[in-house]
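For reference, the chains in residue letters:
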Amino acid sequence: MIFIPQHDKKDCGVACLSMVCKHYGKSYSIKYLRNISYVTREGASLLGLSEASRQIGFNTFSGKLSLDNLSRTQLPCIIYWNKNHYVVLYKIKNSKLFNSKLFYVADPRHSIIKLNEDSFKKSWYTESKEGIALFLEPTEAFYKKDPPKEDKLSIKYLFKYLLPYKKQLTFMFLFLLAGSGLTLIFPFLTEALIDKGVNAKDLNFISIILLAQLGVFLGSIIIDIFRNWLMLYVGTHISITIISDFLKKMLQLPIKFFDTKLMGDFRQRIQDNKRIEQFLTSQSLTTFFSIITFLVFFGVLWHYDFKILLAYLTLTVLSIIWSFYWLKKRKILDYYRFQRQSENQESIYEMLNGVTEIKLNQFEDFKRNEWEGIQQKLFKLNIRILKLDQVQLSGFNFLNQLKNILVTFLAATYVVQGSMTLGALLSISYIIGQMNSPVNQLVSFFRSLQDAKLSLERLNEVQTHKTEEQEHQKPIELQNNFQKNGIEKGIRLENVSFQYEGPKSPFVLKGINMLIPEGKVTAIVGASGSGKTTLMKLLLRFYDPVQGQIYYNYNTILELSPKSIRENSGVVIQDGYIFSETIERNIATGDENIDEDKLKNALKVADMEDMIASLPLGLKTKIGAAGNGLSGGQQQRIRIARAVYKDPHYIFFDEATSALDAESEKIIHDNLYEFFKGKTVVIIAHRLSTVKNADQIIVLKKGEIVETGNHKKLVNNKSDYFNLVKNQLELGV
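Residues numbered from 1 in each chain as written. Predicted model: local features only at pLDDT ≥ 70, side-chain atom pairs only at ≥ 80, totals over all residues. Heavy atoms only, no water.

Which residues make up the packing of helix H1 (residues 12–23) against helix H2 (residues 30–37), and what values go with them?
The contact between H1 and H2 brings their axes to 9 Å, and the two run at 120°. The chirality of how H1 crosses H2 is right-handed. On the side of H1, the interface is formed by Val14, Ala15, Leu17 and Ser18, while H2 contributes Ile30, Leu33, Arg34 and Ser37. Here the contact of H1 with H2 is built from residues that sort into five nonpolar, two polar and one charged. (Axes fitted to C-alpha atoms, helices over the stretch in contact; angles between N-to-C directions. Helix = DSSP H or I, 4+ residues; strand = E, 2+ residues; numbered from the N terminus. Left-handed = near helix turned anticlockwise from the far one by under 90°. Contact = heavy atoms within 4.5 Å. Nonpolar A, V, L, I, M, F, W, Y, C, P; charged D, E, K, R; others polar.)

Written as structure tokens, this is what we have:
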């Protein structure tokens, strides 16, 4: 039975599909399966998993069935577990001992587990005493297809981060080499102290040896001080570089990538970067010199006695093999710890951000109990890790102690027999003690290497993911003429359709044909869920159409740089973010040097002058993340000012004035229409006052265009737009 752990909290479905593929001899990565299963923040749907399975060559069938029917089906299959999870059912076995069935299940967030019938039913059955399962049968196409090869980061990739610090690493190398050399002197000083000082009763020689030992010890301390300073310097800078590179790459990824991730997943990946930094600095270099020290003492021990060396090596190899065995088991637990810690951080983040709603709706106890449940899971996981570590460490220490006793016994036997001096015995005891440390360091290194590899696997999907910006893309062309070759300029959509979750999911937009004319105002209206905001996201290249083409003037949107489109667009979206910065920085955002004239105009258009004048620090007033301390209307003013400050060619407003009172909305609305002159504008709004002056109004209904025209024409049509207007008037809006 094959087991593959899930990488992130919502990867259980694709991890199960990966296990089934591996069972039939094909290795499909979780990253690839996630893309073709259309995983969202809610995870993979059964429909998405079924479509992905067909795409790679399975015949699939899903449905509700009883336990008796399940027992007669072909396994393995993917089953829906505890109403929020997927697992693989590998085998059902009749147990004569317990007079019931045993079920072998691979849970991607746990391990392969064996359940009795009652436990299985409890997790699989729904209220109708049936369970949901997805059955997969490989076809000839499955065996003919080769899983796509994906770029993978290797440990070698990490060492590029060490290259800028060659000078510091050279000094560390010399310090560690000097420290190893000084350590080597100790056993010979100990032997001389006993054999030539104590046995000879020569106090002067004893004093000289002890002073030499003191000098060597002080030298080691000084070397350690410099080495630790260098380690801190190199480690800190490498950590900053690694995390900075990660954030840079992450911010270059398309919006679609972030749709499948939770906040805790990204925070845990930052922790992964720190583990990699620790491996590169403290573990790799220290282990390298520990091995050198070990080899030097290896030679010295050989010099004393080969039999003692052989006994030492035999038990050392056994202790390392013992540790390696438990490291394999520890690998799986590390995945679970990542998931639990991600859940923990997500829970805390949600409580802190939703504290107002929590208090208003008496949700405190529920959310706290939910957090405590996560802590209990973490506790149980930590118990499992502790048990494994204790077994591994206890066995390792026992073998080490046995080795020390055996070597001491052999050396003592030689002293009794007269073939070895007492000084040599003490020297060997010292050497054995010093050789144990590199062995421990080696085991720690392999544990750190395992951590780095696991972290690298999780970072791999970020570092190897295709970025939004591609070399072949070109900047958007902005020209003054309104026609070219008889084609009117503007944003043109031809038969555009879009789905969020794969080919069998519902269409959010279907067959959209429209022109947003250059230099004019286009309003898009429709009931909630009609696809207005999705349409805007397509225009901003957050997503690509499933069918059809979008043109900016005479170039398809796929030819254009997404960054170029957004640089020339002023956008206000419903859930726009306010940063933990000053008001002026929230408006000017990316401009390093703020243009005072543009800022002044933005404040005027957004009617913010009185608001700024009322603040003691004015534009320098710092506001909290997500706009804490500001009203909804004030936040919208800042977002409008941010769009105006850019003085862009294209304007996209999605419910930009919905939080404003009627008087403020009229003032800003009049200011905006003056600002809109010569610009191409798209406004999404529900309020009649916002859209009635638009050059054209497009009415969406269930993802399709049902009407197009200006306000007067559409009212006269007495169709969908008329009904929207009538409903608003009846509501007194």
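More follows now that the structure is in view.
Account for the nonpolar core, naming residues and giving values.
Membership of the largest hydrophobic core comes to 45 residues, with the highest contact counts inside it found for Ile587, Met608, Phe653, Phe676 and Tyr721. Sorting elements by how many residues they give to this core places helix H21 (residues 632–645) first, with six residues. Those residues in contact with Ile587 that lie beyond four places of it in its chain are Leu599, Ala602, Leu603, Met608, Ile638, Ala641, Arg642 and Tyr645. (Core = buried A, V, L, I, M, F, W, Y, C linked by side-chain atoms within 4.5 Å. Buried < 20%, exposed > 50% of the residue type's maximum accessible area, 1.4 Å probe, protein only.)

Explain the side chain of Glu468 residue by residue, including any values.
For Glu468, the position within the fold is in the loop between helix H15 (422–463) and strand E7 (483–484). A distance of 2.7 Å separates polar atoms of two side chains, one belonging to Glu468 and the other to Arg566. The residues contacting Glu468, other than those within four sequence positions of it, are Gln252, Leu253, Pro254, Ile255, Gln473, Arg541, Pro562 and Arg566. (Polar contact = N/O pair within 3.5 Å; in protein donor to acceptor, adjacent residues only side chain to side chain.)

Explain helix H22 (residues 662–675) to me, and be specific about the residues and the numbers.
The α-helix winds at 3.6 residues per turn, so residues separated by three or four positions along the chain end up facing the same way. Taking 1.5 Å of rise per residue, the 14 residues of H22 would be expected to cover 20 Å, and the 20 Å separating its terminal C-alpha atoms lies within 8% of that figure. Among the residues of H22, those classed as buried are Ser664, Glu665, Ile668, His669, Leu672, Tyr673 and Phe675. For H22, the arc enclosing every buried residue in end-on projection is 155°, short of the 170-degree limit, so these residues lie on one face. Set apart from the buried face of H22 by more than 90 degrees, the exposed residues are Glu663, Lys666 and Glu674. The elements touched by buried residues of H22 are strand E11 (521–525), helix H19 (596–605), H21, strand E15 (650–654), strand E16 (680–684) and helix H23 (688–691). (Expected span 1.5 Å × (residues − 1). Arc of directions from axis to C-beta.)

Lay out the packing of aromatic side chains with the relevant residues and their values.
Working definition: an aromatic ring pair is given by the centre-to-centre distance plus the angle between the planes. Going through the model one piece at a time under the given rule, you end up with 19 aromatic pairs. Arranged with centres 5.6 Å apart and planes meeting at 40°, the rings of Phe120 and Trp124 form a pair that is tilted. Here Trp124 and Phe120 lie together in helix H5 (residues 117–124), a separation of four residues that amounts to about one turn. Taking the relative accessible area as the measure of exposure, Phe120 reaches 0% and is therefore buried. Given the relative accessible area of 1%, Trp124 is considered buried. On the basis of an interplanar angle of 65° and a centroid distance of 6.0 Å, the ring pair of Phe653 and Phe676 is categorised as edge-to-face. With Phe653 in strand E15 and Phe676 in the loop between H22 and E16, this residue pair connects regions lying 23 residues apart in the sequence. (Phe/Tyr/Trp six-rings, centres within 6.5 Å; stacked < 30°, edge-to-face > 60°.)

Let's hear about the side chain of Ser319: which residues, and what values?
Relative to the elements of secondary structure, Ser319 occurs in helix H12 (residues 306–353). Under the relative-accessibility criterion, Ser319 is labelled buried at 0%. Looking at Ser319, its side chain comes within polar contact range of the main-chain oxygen of Thr316, at 2.6 Å. Ignoring sequence-local partners within four residues, the contact set of Ser319 consists of Phe396, Leu399 and Asn400.

Tell me about the sheet that holds strand E18 (residues 704–709), and name the residues and values.
Pairing is mixed across the open sheet formed by six strands, whose spatial order is E14-E15-E16-E11-E17-E18. Every other strand in the sheet has two partners, leaving strand E14 (569–572) and E18 as the edge strands with one partner each. With strand direction ignored, the average angle separating the axes of adjacent strands in the sheet is 15°. Relative to E15, E14 is paired through four bridges, and the arrangement is parallel. Counterpart to Gly570 in the pairing with E15 is Ile651. Here helix H16 (residues 532–539) sits on the sheet in contact with E11, E15, E16 and strand E17 (696–701), set at roughly 155° to E15. (Pairing = 2+ DSSP bridges.)

How would you explain a nonpolar patch on the surface if you had to name every residue and give the values?
Judged by side-chain polarity, Leu211, Leu214, Phe217, Leu218, Ile221, Ile225, Trp229 and Leu232 come together as a nonpolar surface patch covering roughly 840 Å² of accessible area. As for its position among the elements, Leu214 is in helix H9 (residues 203–251). (Patch = residues over 30% accessible without salt bridge, like charges linked within 9 Å, V, L, I, M, F, W, Y side chains within 5 Å. Areas by Shrake-Rupley, 256 points an atom, 1.4 Å probe, with all protein chains shown as cover. Salt bridge = Lys/Arg side-chain N within 4 Å of Asp/Glu carboxyl O.)

Describe the environment of Lys129, listing the residues and the values that go with them.
Assignment of secondary structure puts Lys129 in the loop between H5 and strand E6 (131–138). Lys129 gets classed as exposed once you look at its relative accessible area, which sits at 58%. Expressed as a C-alpha distance, the spacing of Lys129 and Phe652, which sit 523 residues apart in the sequence, is 51 Å.

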